[in-house]
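# Examination of the molecular architecture
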Amino acid sequence: RGVQRDTEPEAKGPGSPALRSPTMMHAAAATARAAPAQPRATAAPRVPMGGKLAVPVVNRRGVGSCAGIGARRHTPVPSTVARVSTDQTLGGGGVAPGLQGDVAAGASPVPMQGEGLASLYDGTGVLVSTEVEEALPPPPPPVHMVHPTVHASFTIEKDTNFGQHLCIVGGHPLLGDWDVAKAVPMDWVKGVTWGVQVDLPSHSLIQYKYVVKTGWDHKVPKGARTAAWAGGPDGLIATGADHTTITIQDKWIDGNWGAENPSVKAVTDAVEAFTTAKPVELFDTSGNHSYLPEWANEAVFYQIFPLGYFGAPTVNDGKALMVPRLKQIRSHYKHFTDLGIDAVYFSPLFESGTHGYDTNDYMAIDRRLGDVALFKEIVAELHELNIKVVLDGVFNHTGQRHFAFADLCAKGPAASEYANWYHVGARGYDFEGWITTDAVKGTGFSFDCWEGHAMLPRLNLAEPAVKQHIFDVAKFWIQEVGIDGWRLDVAHEISPDFWREFRSACDSVDPNCLLVGEMIHGNYNGWVGNDRLHSGTNYQMSHATWFSLNDHNYEYFYTALLREESLFKGLTLVNFVGNHDVLRIASNLTEPAHYLHCMVALCLMKGIPSLYYGDEFGMEGTPADGTDEHSGGDDAMRRPMPDCADTTLWPAIGQSRLALTQKLLKIRRDHPVFGNAGTQEIENITLISNEQIVIMRESDDEVGVLVFNCGDYEVNPWPEVQLPETCAAYAKGTEFVDLLMPAGEGELLVNDGGVIYAGPCLANSVKVLVWKKPAPPPGTLPTIRNVSAGVAGGGGGGGGAGGPR
């Protein structure tokens, strides 16, 4: 076994404080002393056409891997092999061109191949010989990309300090390949319990370990972010052919057991034996990516809570006649188009008893609002305006008048055919809900309900009949009514496997149907991905947006952006600053002037903006103002929409806020750099102080800079806005324009070294700077960018880069 190394750059050999496992290191050193390394013939690496030289190297566990072509090759090799990375063909005498990296002490000569000639280099990279007696056979070609098929759920209990989080790392690319920087973050579950689900391939034997990390800041040295490793032997997970789900509950172990402990040795020996026999496999380690339907990539959403928006009664007894309040929306069509929205997201519309989330009939529109025929007309009319329609799907629970639960209540669990549709218990303490079936005898049954609310019995989504019912509902509204997507209530409380099946059902009717899950806590990657939900609600950034302003603490906002890039770089999440469950943004902000900052962050940063109805007018509301007992005061955030045409009914700040919102959405449409086409790299976000932050974004044709000052004072001179040297607008004299200023008043020039002097910045102000690449002269041929590259073991050709849209 080779000496184990951590991934910290300062870990250079035995004795380094960054070594991960001292006991294993000492054992390896002892082995090396007892049995000096002997020269050994090694298979020559292949040089793929157009790719890097791939040579076996030693990873942290003494197991060989393959570097240079984006893959890992698990083949045991001597610990003396040099680490090489090169784009050049090796040849000639002297030091191999492009030879880089550490070389183990006392390394034996290593054969390398270039231009069909095996060249022998010693451990320092000096050419020893270019003569070989016979051709060295190439290694067998790697198998095709293996797609993870086993859902492995890990949980462990570990008490942590504030700012710390648990990660899992292991001897597989999908677990970071022992690179702590690529470790998989775990979610805090409750108390001291942490958990995560990782998709792993079948037929694998994988080593893993838990590690405590501190913070997300990439600028902090890796070693400083590693707080503690679990002790004892490494964990070991075996995935078989028939496994679809594996649940592992581990205990945190402190202390070093020593390399000679049988359990410690057995794990490493088993993995080395397994990887010797296992064929090479390639894995995509670029992280989780989710691609949206094309229409949603740059869409702006407008959320309506229909029962409040149209002023419906708070209670539905199920007996009243239908009232077509939905018709009122027709008078708001002009407001939608003037505002510049692309989709209307309707909160619950289905027949319910109170606030809409206690669904009694998934196939009917609530009688307080209208009927299916009317809503179908409205969907068609919105489509004529190029506005998509998304519905709220409440599939975690129903109301008590839902036909299945009503039958269960009437007949009891023993006789009802719907007993398995819900989670039912015989004893009162089994679940929080209780239904009495015989008041005289005092008999009944308990049932699980959402967060203890008996009016919301929770569905058993593992029951095939329940799944089929939900899938039929989803397909009906897509196929028969014409909706374009679903927002899925409490999606994070439902198994990702259910959403995989739900996605398949929706795709079978309309592959462009958007699925957005309500996500609040934890790591969204388990639920959002290309085989499940397209996106999720970004509660974490929503909180950071307004809280950092009230606290005058942009470091909080910056840290949230760091976390988002670390966890969700491949996702496009739905951003918001208000919705039906949280305080109105006008009521939430301590300083009214910070509405500007919130709306710039919402409209001009990465993500799908979702504007809550009435926020553009400055509508207010907090739960303390509510009066409806069924909604816990949330009715205060769900009041009727003002008449869009009568400005006298708007709040005093209504006209200015509407104008600002319209302007920002127009900027997003006119300048793609401020949409999802623009980059948002953390390296280009500069936290200047707790009250000033600069965010630079770049696209093929534009560079955008957002300059925030949430301080109650003017900043002059402003610290320089530094453009990176790679920026297309880096050249001195390049002119940026502040799009929030009147024409001709907001021009700023780039100075020497790519610096923009953006001051003075007024108190509580934002600058939206943009530079647009000049159009080429007439007749100039466009530049064709090469976006694909062939990587094959011989021959040309290439596959397109990127994923499906």
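Residues numbered from 1 in each chain as written. Predicted model: local features only at pLDDT ≥ 70, side-chain atom pairs only at ≥ 80, totals over all residues. Heavy atoms only, no water.

### Here's the deal with the overall build of the chain
- Tallying secondary structure elements over the chain gives 14 helices and 37 strands in all.
- Relative to all contacts within the chain whose residues are 6 or more apart in sequence, the contacts with residues 24 or more apart total 68%.
- When the accessible area of the chain is evaluated, it comes to approximately 35,500 Å², of which 54% is carbon and sulfur surface. (Helix = DSSP H or I, 4+ residues; strand = E, 2+ residues; numbered from the N terminus. Contact = heavy atoms within 4.5 Å. Areas by Shrake-Rupley, 256 points an atom, 1.4 Å probe, with all protein chains shown as cover.)

### Focus: the nonpolar core
- Phe 336, Phe 346, Phe 375, Leu 391, Trp 477, Trp 486 and Phe 502 are the most contacted members of the largest nonpolar core, which has 125 residues in total.
- Take this core: its biggest share by element is nine residues, from helix α13 (residues 595-604).
- When neighbours within four sequence positions are excluded, Leu 391 is seen to be in contact with Phe 346, Leu 349, Phe 350, Phe 375, Trp 477, Ile 483, Gly 485, Trp 486 and Arg 487.
- Grouped together as the second largest cluster of nonpolar side chains are 23 residues, Ile 206, Tyr 208, Tyr 210 and Ile 248 included. (Core = buried A, V, L, I, M, F, W, Y, C linked by side-chain atoms within 4.5 Å. Buried < 20%, exposed > 50% of the residue type's maximum accessible area, 1.4 Å probe, protein only.)

### Regarding the confidence of the model for the chain
- In the predicted model, the chain carries a mean pLDDT of 79, and 76% of its residues have values of at least 70.
- In the predicted structure, residues 1-134 sits below a pLDDT of 50 and forms 254 contacts with residues beyond four places in sequence or in another chain. (pLDDT = per-residue confidence, 0-100.)

### Structural notes on the sheet that holds strand β24 (residues 514-517)
- Within the open sheet, the eight strands sit side by side as β25-β24-β23-β19-β16-β15-β27-β26. Their pairing is parallel. Looking along the sheet, the strands with just one partner apiece sit at the ends: β25 (535-536) and β26 (574-575).
- Relative to β25, β24 is paired through two bridges, and the arrangement is parallel. Paired with Gly 517 across the strands is Gly 536, a residue of β25.
- Strands β16 (343-346) and β19 (388-393) of the sheet are contacted by helix α6 (residues 372-384), whose axis makes an angle of about 140° with β19. (Pairing = 2+ DSSP bridges. Axes fitted to C-alpha atoms, helices over the stretch in contact; angles between N-to-C directions.)

### Things to note about the environment of Phe 471
- The residue Phe 471 is located in helix α8 (residues 464-481) in this model.
- A relative accessible area of 8% places Phe 471 in the buried class.
- With 33 residues separating them along the chain, Phe 471 and Ser 504 place their C-alpha atoms 9.3 Å apart.
- Each residue touching Phe 471, except ones within four places of it in the same chain, is listed here: Phe 498, Glu 501, Phe 502 and Ala 505.

### Re the packing of aromatic side chains
- For the coordinates displayed, the defined rule picks out 34 aromatic pairs.
- Ring centres 4.8 Å apart and planes at 55° place the aromatic pair Phe 547 and Tyr 556 in the tilted group.
- The partly exposed category is assigned to Phe 547, whose relative accessible area is 28%.
- Note that Arg 584 overlies the ring of Tyr 613, its terminal NZ or CZ placed 4.8 Å from the centroid.
- Between the NZ or CZ atom of Arg 657 and the centre of the ring of Tyr 595, over which it lies, the distance is 4.2 Å. (Phe/Tyr/Trp six-rings, centres within 6.5 Å; stacked < 30°, edge-to-face > 60°. Lys NZ or Arg CZ within 6 Å of the ring centre and 35° of its normal.)

### A closer look at the sheet that holds strand β34 (residues 755-756)
- Read across the open sheet, the eight strands follow the order β28-β29-β30-β35-β32-β33-β34-β31; overall the sheet is antiparallel. Of all the strands in the sheet, the pair left with one neighbour each is β28 (685-689) and β31 (721-722).
- Pairing between strand β32 (residues 735-738) and strand β33 (residues 747-751): three bridges, direction antiparallel. By the bridge assignment, Glu 735 is partnered in β33 with Leu 749.

### A look at the pattern of salt bridges
- Under the definition given, this model contains 26 salt bridges.
- Taking the shortest distance from any N to any O, the salt bridge between Asp 634 and Arg 638 comes out at 3.5 Å. Residues Asp 634 and Arg 638 agree in their burial class; the two are buried.
- Across the salt bridge formed by Asp 752 and Lys 732, the nearest N and O atoms sit 3.4 Å from each other. (Salt bridge = Lys/Arg side-chain N within 4 Å of Asp/Glu carboxyl O.)

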